[in-house]
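A structural walkthrough
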Amino acid sequence: MDSREIKSPEALPLAETPAAASLDGNSDSFRRKKLGIHFIESDDRRTAFGGGYTGGTTPVDIHGKPITDLSKTGGWIAAFFIFGNEMAERMAYFGLSVNMVVFMFYVMHRPFSSSANAVNNFLGISQASSVLGGFLADAYLGRYWTIAIFSTIYLAGLTGITLCASMKILVPNQDHCDQISLLLGNCEAAKPWQMVYLYAALYVTGFGAAGIRPCVSSFGADQFDETSRDYKSHLDRFFNLFYLSVTIGAIVAFTAVVYVQMEHGWGAAFGSLATAMGLSNMVFFLGTPLYRHRLPGGSPLTRVAQVLLAAFRKRNASFLSNSTELVGLYELPGKRSAVKGSRKIDHTNDFRCLDKAALQLKEDGDGDHPSPWRLCTVTQVEEVKILLKLIPIPACTIMLSLILTEFLTLSVQQAYTMNTHMGNLKLPVTCMPVFPGLSIFLILSLYYSIFVPLSRRITGHPHGASQLQRVGIGLAISILSVAWSGMFERYRRNYAIEQGYEASFLSPMPNLSAYWLLIQYCLIGIAEVFCIVGLLEFLYEEAPDAMRSIGSAYAAVAGGLGCFAATLLNSIIKSVTGNADQRRPSWLSQNINTGRFDYFYWLLTVMSVINFCAFLYAAHRYQYRAKQEIQMMPSPGPGLVSEKHPLSK
């Protein structure tokens, strides 16, 4: 026998389906499209049906029984019940992200910088722990029950925060604590047990969000029929409307909740968030008969561990076909998959070292049920490859999350020094972050009528831009946002010094309008809608069928890491640029007029440019995976034998 290396099989049953069209690099289905001179990627995917995208399992009802009449379930009606849950969760999330910093400063008497860092850590943990929610949904509970359980936990956390703001025993004494005393640090500090209670309630809320965030977008997308010719169009519109619901929740948090706080106090403000979450939970449960469900596919982390261990055990095995010990690559025969809740995935030549997990040697035997810790199927190996290939894309969005986190605190500090009057109306400073939400709302409203037709002429893409192109556009606009922020902050600081406001950093300058901040707010809002919506759609479609919640969790983890990175960057900047002995304030001094926020914004600009270059490289190398229409099975049954993948010629 000739010495030939095993590569992608050419004679599998998959190749006989329309889904497995030619893999020739010159094929029209893999023709690369170009945006400018750097954005090169392939977006035409092989499909079994003329216009549909395939993947996932047969929809089942809440009892796990197949749904025979899809017309009575799912669709847009079911999706709107899910939108309500996400809207309330985002309302609470953004309401806490802005108001909690102010609450800790004015009520709990914590320094502004430590309050901001505490909230950043809360935001980071609530997003980074989304992997846990995604794991539970994909492995055991399913998306519906994961959302139901963690929404209840979320409500419990919000209730605890409401009690903290409503009961005097849970906050320090507020007597004789005016603004001067706050600035001088003379107010009575919160007792340790009071802070422990607040942090416990805050992190219970974050834990609840960790189970909702990775599941709700995927569960909403599950409501659409993958075999429909309009599936891609519905999915595209779903993710835009999904993020529109996120935006509406943010707008309500930055306006109505702030108004309630000013008029009725902190207890009423946080209580309104808990009430909204409770009502949304009721709406979500009311939609239960309409939902389409996907059976959980077993522990994805176990399957990943099996692939890694099996590949490690066979690390010295050879791919050469003249090896006397080699049988072939292991896969179940026919079109059914060994992974519950997943279709078969065709073999690829990426990460060849992992292929050894599916390399069947004579010592593995020909039994019907080989140990998955020694021999994995090709589909199981390809799941791990896909998870690895996806990582660079969400990793490049960590920088955007870092910028968004910094904007929540830095821009509020800027607004405190400026005139927030709009005619006779004085807008509260904590309402300023509403403007990114308004810009997102405007962009999503005009997306299909203006952006799609214009961009279609440039890119030739039927939807205006592919998912990765939208992510790239968002990252590019975020660079403009922080660059403008640096230029304007330099002007604002110089103006404050010239007008004698250097020491009065909480006194608004009447002749400098805070609405100059709208430019950076609107730019970052546009960046967010392009980047995050494109990323969510990208991860849902590209993730393995039985790991879609894990795939969606990638976006939340990137957001969480951005929050942690913001806290770490702030600490580094303060320690490097400030010197108390020399009375040199840091760039991020609490007195914004003696600090150098402009330098910090320029540092973010440089970091964003480097990150954008890394994204261009990752997007150029990434090729969308092909999806095959393969018969599903709940689990491998007895009598199935291995299918030996032939050697390439």
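Residues numbered from 1 in each chain as written. Predicted model: local features only at pLDDT ≥ 70, side-chain atom pairs only at ≥ 80, totals over all residues. Heavy atoms only, no water.

An unreviewed UniProt entry annotates the protein as Major facilitator superfamily protein originating from Davidia involucrata. Regarding the protein, the UniProt comment filed under Subcellular location (unreviewed entry) reads as follows: "Membrane". (UniProt positions renumbered as here; feature names shortened; annotations may be inferred.)

Of the regular secondary structure elements, the protein holds 17 helices and nine strands. Residue burial in the protein is summarised as follows: out of 649 residues, 57% are buried. Contacts in the protein between residues at least 24 apart in sequence constitute 85% of all its contacts with a sequence separation of at least 6. For the protein, the exposed surface amounts to about 26,200 Å²; the carbon and sulfur share of it is 62%. (Helix = DSSP H or I, 4+ residues; strand = E, 2+ residues; numbered from the N terminus. Buried < 20%, exposed > 50% of the residue type's maximum accessible area, 1.4 Å probe, protein only. Contact = heavy atoms within 4.5 Å. Areas by Shrake-Rupley, 256 points an atom, 1.4 Å probe, with all protein chains shown as cover.)

If you look at the biggest cluster of nonpolar residues, it comprises 164 residues, and the most contacted ones within it are Leu 96, Met 100, Phe 103 and Phe 538. It is helix 1 (residues 75–106) that contributes the most residues to this core, 17 residues altogether. Sequence-distant contacts of Phe 538, defined by excluding residues within four places in its chain, comprise Leu 390, Ile 393, Gln 467, Leu 468, Tyr 622 and Tyr 624. (Core = buried A, V, L, I, M, F, W, Y, C linked by side-chain atoms within 4.5 Å.)

Quick look at the environment of Thr 405 now. Mapped onto the elements of the fold, Thr 405 is located in helix 12 (residues 398–416). The exposure class assigned to Thr 405 is buried, which follows from its relative accessible area of 4%. In sequence terms Thr 405 and Phe 564 are 159 residues apart; their C-alpha atoms lie 9.4 Å from each other. If we ignore the near neighbours within four places in the chain, the residues touching Thr 405 are Asn 120, Gly 562, Cys 563 and Ala 566.

On to the packing of helix 3 (residues 130–166) against helix 8 (residues 266–286), then. Where helix 3 contacts helix 8, the axes come no closer than 8 Å and their chain directions differ by 160°. Regarding the angle of helix 3 to helix 8, the classification is roughly antiparallel. In the crossing of helix 3 with helix 8, the sense of the turn from one axis to the other is left-handed. The residue makeup of the contact of helix 3 with helix 8, split by class, is 15 nonpolar, nine polar and no charged. (Axes fitted to C-alpha atoms, helices over the stretch in contact; angles between N-to-C directions. Parallel < 35°, antiparallel > 145°, perpendicular 65-115°, else oblique. Left-handed = near helix turned anticlockwise from the far one by under 90°. Nonpolar A, V, L, I, M, F, W, Y, C, P; charged D, E, K, R; others polar.)

The subject of this paragraph is empty space enclosed by the protein. Taking a probe equal in size to a water molecule and rolling it over the atoms shows the remaining empty space. The tally for this structure, following the rule as stated, stands at nine cavities of 30 Å³ or more. By volume, the largest cavity amounts to about 700 Å³. Lining the largest cavity we find 38 residues, and of these Arg 90, Phe 94, Tyr 243, Leu 404 and Glu 528 sit closest to its centre. At the level of elements, helix 1, helix 2 (112–128), helix 5 (192–221), helix 6 (231–254), helix 12, helix 13 (434–459), helix 15 (518–542) and helix 16 (548–577) are the ones that each hand at least two residues to the lining of the largest cavity. (1 Å grid on protein atoms, 1.4 Å probe; cavity = no way out; pocket = protein on both sides within 12 Å on 5 of 7 lines; lining within 4 Å. Points joined across faces, edges and corners; volume = space filled by probe spheres on them.)

The next point concerns the environment of Arg 548. Looking at where Arg 548 falls in the secondary structure, it is placed in helix 16. As a C-alpha pair, Arg 548 and Pro 214 span 334 residues in sequence and 8.8 Å in three-dimensional space.

Let us look at a nonpolar patch on the surface. Residues Ile 62, Tyr 140, Leu 141, Trp 145 and Ile 149 make up a contiguous nonpolar surface patch of roughly 470 Å² in combined accessible area. Take Ile 149: it is sitting in helix 3. Given a relative accessible area of 39%, Ile 149 falls into the partly exposed group. (Patch = residues over 30% accessible without salt bridge, like charges linked within 9 Å, V, L, I, M, F, W, Y side chains within 5 Å. Salt bridge = Lys/Arg side-chain N within 4 Å of Asp/Glu carboxyl O.)

A few words now on the packing of aromatic side chains. This structure, assessed with the given rule, holds 34 aromatic pairs. Between Trp 76 and Phe 80, the aromatic rings sit 6.3 Å apart at their centres with planes inclined by 40°, giving tilted as the arrangement. Of the two residues, Trp 76 and Phe 80 are both situated in helix 1; the distance of four residues between them amounts to about one turn of the helix. Classification of Trp 76 by relative accessible area gives partly exposed; the value is 25%. Ring centres of Phe 83 and Phe 238 lie 5.5 Å apart, and the angle between their planes is 20°; on these two criteria the pair is classed as stacked. (Phe/Tyr/Trp six-rings, centres within 6.5 Å; stacked < 30°, edge-to-face > 60°.)

The next thing to look at is the confidence of the model for the protein. Looking at the protein, the pLDDT average stands at 77 and 83% of residues meet or exceed 70. Looking at the elements of the protein, mean pLDDT is at its lowest for strand 2 (residues 39–41), recorded as 30, and at its highest for helix 17 (residues 597–621), recorded as 94. Counting contacts from residues 627–649, a segment whose pLDDT is below 50, to residues more than four positions away or on other chains yields 85 contacts. (pLDDT = per-residue confidence, 0-100.)

One non-glycine residue, Phe 351, lies in positive phi territory at about 45°. With respect to the helices and strands, Phe 351 occurs in the loop between strand 3 (326–331) and strand 4 (359–361).

Per the stated rule, a full pass over the model turns up 14 salt bridges. Ionic pairing is found between Glu 86 and Arg 90, a salt bridge with its closest N-O pair at 3.5 Å. Taken together, the residues Glu 86 and Arg 90, both in helix 1 and four residues apart, mark about one turn of the helix. The buried category is assigned to Arg 90, whose relative accessible area is 9%. Where Asp 598 meets Arg 596, a salt bridge forms, and the shortest distance between an N and an O atom there is 2.8 Å.

A few words on helix 5. Between its first and last C-alpha atoms helix 5 spans 44 Å; for 30 residues at 1.5 Å apiece the expected length is 44 Å, and the two agree. The sharpest bend along helix 5 comes to roughly 35°, located at Cys 215. Counting buried residues along helix 5, 21 of its 30 residues qualify, which places the element largely inside the surrounding structure. (Expected span 1.5 Å × (residues − 1). Bend = angle between axes of the 7 residues up to and from the residue.)

You can see Tyr 203 is positioned in helix 5. Separated by 77 residues in the primary sequence, Tyr 203 and Ser 126 place their C-alpha atoms 7.6 Å from one another. In contact with Tyr 203, not counting residues within four places along its chain, are Ala 118, Asn 121, Phe 122 and Ile 125.

Once that is clear, we can look at the side chain of Thr 146. Relative to the assigned elements, Thr 146 resides in helix 3. Owing to a relative accessible area of 0%, Thr 146 belongs among the buried residues under this scheme. A distance of 2.7 Å separates the side chain of Thr 146 from the backbone oxygen of Gly 142, its partner in a polar contact. Contact partners of Thr 146, with chain neighbours within four places excluded, come to Gly 133, Leu 136, Ala 137, Leu 141, Gly 211 and Cys 215. (Polar contact = N/O pair within 3.5 Å; in protein donor to acceptor, adjacent residues only side chain to side chain.)

On to the packing of helix 1 against helix 3, then. The N-to-C vectors of helix 1 and helix 3 enclose an angle of 30°; their axes lie 12 Å apart at closest approach. As far as their axial angle goes, helix 3 and helix 1 are roughly parallel. Note that helix 1 runs across helix 3; the crossing there is left-handed. On helix 3, the residues that touch Asn 85, Glu 89, Ala 92, Tyr 93, Leu 96, Met 100 and Phe 103 of helix 1 are Ile 147, Ser 151, Tyr 154, Leu 158, Ile 161, Cys 164 and Ala 165. For the contact of helix 1 with helix 3, the per-class residue count stands at eleven nonpolar, two polar and one charged.

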